[in-house]
Amino acid sequence: MRALHTAATGMMAQELNVQVISNNIANLRTTGYKRQRAQFQDLLYETLRRPGSQTSDQGTVLPAGLEIGSGVKTGSTPRVMSQGNLTSTEKEYDLAIRGEGFFRIRLPDGRTGYTRDGSFELDGQGQMVTREGYIVEPAITVPQTAKGVTISAQGQVQASIPGQTQPQVLGQVQLARFVNKAGLESMGDNLFLETPASGPPVDGAPGTEGYGNLQQAYLEEGNVNAVTEISSLIAAQRAYEMNSKVITAADQMLSSTTNMFRG
Amino acid sequence: MENALLIGLSRQVALGRELDVIANNMANVTTNGFKARSSRFREYLMPVASAESFPRPDRRLSYVIDAGTPLDIRSGAIEHTGNPLDVAIKGDAFLAVQTPAGERYTRNGALEIDAQGQLVTSDGHTVLGDNGPITFTPQESGFEIAPDGTVTSNQGQRGRLRLVRFDNPQILHNEGTNLLSAPNGGQPAGATSRLEPRAIERSNVRPVVEMSRLIEVNRSYSSVAGMVGRMDELRRTAISRLADNG
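Here the structure is a predicted model, which means the values were calculated and not measured.

What counts, and where the lines are drawn
- Residues numbered from 1 in each chain as written.
- Chains lettered and ligands numbered in written order.
- Predicted model: local features only at pLDDT ≥ 70, side-chain atom pairs only at ≥ 80, totals over all residues.
- Helix = DSSP H or I, 4+ residues; strand = E, 2+ residues; numbered from the N terminus.
- Rg over C-alpha atoms; globule rule 2.2 N^0.38 Å.
- Contact = placed C-beta atoms within 7 Å.
- Domains from an automatic or database assignment.
- Nonpolar A, V, L, I, M, F, W, Y, C, P; charged D, E, K, R; others polar.
- pLDDT = per-residue confidence, 0-100.
- Pairing = 2+ DSSP bridges.
- Axes fitted to C-alpha atoms, helices over the stretch in contact; angles between N-to-C directions.
- Parallel < 35°, antiparallel > 145°, perpendicular 65-115°, else oblique.
- Left-handed = near helix turned anticlockwise from the far one by under 90°.
- Core = buried A, V, L, I, M, F, W, Y, C linked by C-beta atoms within 7 Å.
- Buried ≥ 20, exposed ≤ 12 C-beta atoms within 10 Å, placed from the backbone.
- Expected span 1.5 Å × (residues − 1).

Chemist: In this structure, what is going on with the overall build of chain A? I would like to understand it.
Modeler: Looking only at helices and strands, chain A features 2 helices and 20 strands. Expected size for 263 residues packed as a compact globule is a radius of gyration near 18 Å; at 27 Å, chain A overshoots this value by more than 25%. Counting only C-alpha atoms, chain A reaches 100 × 50 × 35 Å along its principal axes. Considering only contacts in chain A between residues 6 or more positions apart, those separated by 24 or more positions represent 63%.

Written out as C-alpha cells, the structure is:
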C-alpha cells in the first residue's frame with residue numbers, strides 16, 4: 001500500500017519543518033540572524049489515466065485524469081533576507097546595516113566571509129575584528145591614543161587624536177552585495193560564504209544606492225518573528241499528527257486484509 | 001459466489017487508491033500552491049450469462065472502478081509573508097515557468113533571484129514574463145511585484161509576470177515539484193486574475209475533509225473485508241455440508 005510511504009514522506013517533511021522552526025526560535029536573539037523557511041514540493045505522480053486521452057473513435061476525451069502522487073519532499077530552506085530591527089547598544093564599534101549590504105570578514109583560512117553581525121571589537125593591534133577575532137575587511141586600525149571614534153552612515157571611520165585639531169580619517173568600511181542573497185551558504189558564527197548560486201560579491205561603500213547606511217552603536221536583531229514561528233510550529237505539529245493518522249489507517253486496512261480469511 | 005469476492009475486491013482496490021490520494025494530500029498539507037486531488041469512482045456493469053425466462057431476470061454484476069482524480073482548483077489560504085519576491089495569485093490563473101522539459105505552470109509564488117539575476121522559482125526554473133524572462137542587474141534593489149504582475153526595482157519596470165489560465169483546468173497534469181503541465185498551453189489570464197504581493201498561497205488541502213474521508217475509507221475497507229470474510233465462511237460451510245451429504 002503506497003499510502004504508508006506517502007504518509008511517511010509527509011512525516012519526514014514536517015520533522016524537517018519543525019527543525020527549521022526550532023532553529024529560528026533558538027536564534028531569536030542572535031545578532032544579524034536571518035530566518036529560514038522550509039519549502040516543500042510534491043513528488044512524482046503515477047499517471048494511470050492521462051487527462052485528454054481519447055476514449056472513443058468519435059474523438060471524445062477523458063475530462064480528468066487519474067493521477068496518484070507519492071508524497072512530499074523538501075525543496076529548499078532559503079533564508080528570508082529581510083531587515084531586522086536595530087537596537088541601541090551604546091558601544092562605539094557596534095555597527096548595524098540599514099539596507100542590503102554585508103560586512104566582509106577575512107577568515108583564518110584565507111577565505112572571505114560575509115556577515116550582517118556588526119558587533120566588532122578592537123584586537124591587541126588596534127584592528128577592528130569580529131567577536132571571534134577575524135579581521136574586518138578592509139582592515140581598519142585605530143591608534144591607541146585615538147579617542148571618540150565615529151563611524152559615519154557612509155562608513156568613514158574618524159577619530160580625534162591628541163594634539164590634532166581636526167579629526168583624523170582612519171579608514172573606510174566597505175560592504176558587499178549579492179544578486180541572490182538567499183543563495184549564500186551559512187557557515188555558522190553568523191557568517192555566510194559566497195556560492196555559485198549567490199553570484200560574485202559586488203563591493204561598494206555604505207550609503208551608495210542599494211548597499212544601505214551604517215548606524216554606529218546599533219546592532220541588527222535577528223528577523224525572527226516569535227508569533228509567526230510559534231503558529232508555524234503548531235501547524236507543523238498538527239500536520240505531523242495527521243500524517244501519522246494516515247499511517248494508522250493504512251495499517252488498519254492492511255490488518256483487516258490479513259484477517260479476512262480465518263483459515 | 002466467486003463474484004461476491006471479486007466485487008468486494010474491486011471495492012477494496014478502489015479504496016486503496018483513494019487512501020493513496022488522501023495520503024498524498026495530507027503529505028502536502030504545507031506545500032505552497034499545492035492543489036488537492038479527490039477520487040471519483042464509476043460503476044462498471046459486468047455482463048453475465050442471463051436467463052431471461054425467469055420471472056425476475058438475472059441482473060448484471062456491478063463492480064466499482066476508479067475513474068479519475070479530479071484536481072481541486074479552489075484557492076489555498078493566502079498568507080502574508082512580507083517577502084517582496086513572494087506573490088500569491090487571486091483567481092484561477094497560474095504562473096508560467098520555463099523548464100528544460102518545456103513550459104510548466106505553478107501556483108507556488110515563492111520566487112527568488114538566481115546568480116544571473118533572473119527571477120526563478122525555488123527550484124531554479126525561470127519564471128516567464130510577457131516578454132520572456134525577467135532579469136535584474138546586481139545594482140538593483142527594492143524589488144516589488146504589483147497586483148497586475150508588473151515587476152519593478154529601483155531602476156524602474158523590469159517586466160510583467162505572465163499569468164495563464166485554462167478553460168478546463170482538469171486537463172492539467174501533475175509533474176511533481178509543484179509544477180503542472182498542459183498539452184496545449186493556456187490562454188493569457190487577462191484582467192480576471194490579480195496578484196497579492198508579499199504573500200504566499202498555501203496548500204488548498206482541507207485537513208478536516210481529508211481526515212473524515214480517511215475514516216470513511218478505513219471503515220468501508222474493514223466492512224468490505226468483513227463481508228468477504230463472511231462469504232468465505234459461507235463457502236467453507238457449504239463445501240463441508242455438501243461433502244457430508246455425499
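Once you've had a look at it, read on.
Chemist: Is there a simple way to explain the domain arrangement of chain B in this structure?
Modeler: Size of an interface: often given as the accessible area lost when the parts come together. Residue and element names in this part refer to chain B. Taken as a whole, chain B is organised into domain 1 (2-73 + 205-245) and domain 2 (78-201). Relative placement of domain 1 and domain 2: their C-alpha centres are 41 Å apart. In this complex, domain 1 contributes 8 residues to the contact, which on the side of domain 2 involves 12 residues. Tallied by class, residues from the side of domain 1 that touches domain 2 come to 4 nonpolar, 3 polar and 1 charged.

Chemist: Any chance you could explain the confidence of the model for chain B here in plain terms?
Modeler: As a note on interpretation, predicted positions should not be read in detail where pLDDT is low. Summing up the model confidence of chain B, the mean pLDDT is 89 and the portion of residues at 70 or higher is 96%. Interface predicted TM-score (ipTM) for the complex: 0.82; the corresponding pTM is 0.87.

Chemist: Looking at this model, I keep getting lost on the sheet that holds strand E12 (residues 147-151) of chain A. Mind explaining?
Modeler: Remark on secondary structure: sheet strands pair via backbone hydrogen bonds, oriented parallel or antiparallel. Residues and elements named next belong to chain A. An order of E12-E13-E14 is seen for the 3 strands of this open sheet, with the pairing classed as antiparallel. Edge positions in the open sheet fall to E12 and strand E14 (168-172), since each of these has one partner strand only. Strand-to-strand twist of the sheet, defined as the mean angle between neighbouring strand axes without regard to direction, takes the value 20°. Inspection of the sheet shows strand E13 (residues 156-160) paired to E14 by 4 bridges, in the antiparallel sense. If you follow Gln 158 over to E14, its bridge partner there is Val 169.

Chemist: I would appreciate a short explanation of the domain arrangement of chain A in the present structure.
Modeler: Residue and element names in this part refer to chain A. Domain parsing of chain A yields domain 1 (2-52 + 59-80 + 224-258) and domain 2 (86-220). A straight line from the C-alpha centre of domain 1 to that of domain 2 covers 40 Å. Of the residues lining the interface, 6 residues belong to domain 1; the matching set on domain 2 comes to 8 residues. Across the side of domain 1 that touches domain 2, the residue classes break down as 2 nonpolar, 3 polar and 1 charged.

Chemist: Mind showing me how you'd approach the packing of helix H2 (residues 226-258) of chain A against helix H1 (residues 2-27) of chain B here?
Modeler: Helices that pack against each other are described as a pair by the angle of their axes relative to one another and the distance between those axes. One way to put it is that H2 of chain A packs onto H1 of chain B with a least axis distance of 9 Å and a crossing angle of 165°. In this view, H2 of chain A runs roughly antiparallel relative to H1 of chain B, as classed from their interaxial angle. H2 of chain A and H1 of chain B meet at a crossing whose hand is left-handed. On H1 of chain B, the residues touching Met 242, Asn 243, Val 246, Ala 249, Ala 250 and Met 253 of chain A of H2 of chain A are Leu 19, Ile 22, Ala 23, Met 26 and Ala 27 of chain B.

Chemist: Can you walk me through the interface of chain A and chain B in this structure?
Modeler: Each side of the interface is counted separately: chain A has 64 residues, and chain B has 54 residues. Per-element tally for the side of chain A that touches chain B: the top contributor is H2 of chain A, with 13 residues. By residue class, the composition of the side of chain A that touches chain B is 31 nonpolar, 24 polar and 9 charged.

Chemist: Honestly, the pairing of strand E15 (residues 173-176) of chain B in this entry has me stumped. Any pointers?
Modeler: Sheet faces and side chains relate simply in a regular strand, where the side chains alternate between the two faces. Residues and elements named next belong to chain B. By the bridge criterion, 3 bridges tie E15 to strand E16 (residues 179-181) in an arrangement that is antiparallel. Note that in E16 the partner of Gly 176 across the bridge is Leu 179. Hairpin connection between E15 and E16: a loop of 2 residues separates the two successive antiparallel strands, and Thr 177 in this loop has a positive phi of roughly 45°.

Chemist: What's the story with the nonpolar core in this structure? I'm lost.
Modeler: Generally speaking, soluble globular proteins have nonpolar side chains that are buried together. Counting 59 residues, the largest nonpolar core has Leu 95 and Val 127 of chain B as the members making the most contacts within it. A total of 4 residues in this core trace back to one element, the largest contributor, which is strand E5 (residues 94-99) of chain B. The contact partners of Leu 95 of chain B, leaving out residues within four places of it in the chain, are Tyr 105, Thr 106, Gly 109, Val 127, Leu 161 and Leu 163 of chain B. Met 11 and Ala 249 of chain A together with Ile 22 and Val 224 of chain B belong to the second largest nonpolar core, which has 35 residues in total.

Chemist: What's the story with the pairing of strand E6 (residues 102-106) of chain B in this structure? I'm lost.
Modeler: Of the strand pairs in this sheet, E5 of chain B and E6 of chain B are connected by 5 bridges, and their pairing is antiparallel. Paired with Leu 95 of chain B across the two strands is Thr 106 of chain B, which belongs to E6 of chain B.

Chemist: Quick question: what am I supposed to make of the sheet that holds strand E13 (residues 156-160) of chain B here?
Modeler: Residues and elements named next belong to chain B. Judged by pairing direction, the sheet is antiparallel, and its 3 strands sit side by side in the order E11-E12-E13 without closing on themselves. For this open sheet the edge positions go to strand E11 (144-145) and E13, each flanked by a neighbour on one side alone. With 2 bridges connecting them, E11 and strand E12 (residues 150-153) associate as antiparallel partners. Within E12, the position partnered with Glu 144 by the bridge is Thr 152.

Chemist: Looking at this model, I keep getting lost on helix H1 (residues 2-26) of chain A. Mind explaining?
Modeler: Given 3.6 residues to a turn, an α-helix orients residues that are three or four positions apart in the same direction. Helix length check: H1 of chain A, at 25 residues, gives a terminal C-alpha distance of 36 Å against a target of 36 Å (1.5 Å per residue), a fit within 8%. Taken together, the buried positions of H1 of chain A are Ala 3, Thr 6, Ala 7, Thr 9, Gly 10, Met 11, Ala 13, Gln 14, Asn 17, Ile 21 and Asn 24 of chain A. Taken together, the buried residues of H1 of chain A touch strand E1 (39-42), strand E4 (72-76) and H2 of chain A together with H1 of chain B.

Chemist: Explain the environment of Met 227 of chain B here, please?
Modeler: Within the element layout of this structure, Met 227 of chain B appears in helix H2 (residues 207-245). A sequence separation of 223 residues divides Met 227 of chain B from Ala 4 of chain B, and the C-alpha atoms of the two residues are 8.9 Å apart.

Chemist: Whenever I open this one, the environment of Leu 170 of chain A confuses me. Can you help?
Modeler: Residue and element names in this part refer to chain A. As for its placement among the helices and strands, Leu 170 is situated in strand E14. Residue class for Leu 170 comes out partly exposed when judged on the 19 C-beta atoms lying within 10 Å of it. With 166 residues separating them in the primary sequence, Leu 170 and Leu 4 have C-alpha atoms 65 Å apart. With sequence-adjacent residues up to four places away left out, Leu 170 is seen in contact with Ile 140, Thr 141, Val 142, Val 157, Gln 158 and Ala 159.

Chemist: Would you mind going over the packing of H1 of chain A against H2 of chain A with me for this structure?
Modeler: Residues and elements named next belong to chain A. Interhelical geometry of H1 versus H2 gives an angle of 160° and a closest axis separation of 9 Å. Relative to H2, H1 is oriented roughly antiparallel. Seen from above, H1 lies across H2 with left-handed handedness. Partitioning the contact of H1 with H2 into residue classes produces 15 nonpolar, 7 polar and 2 charged.

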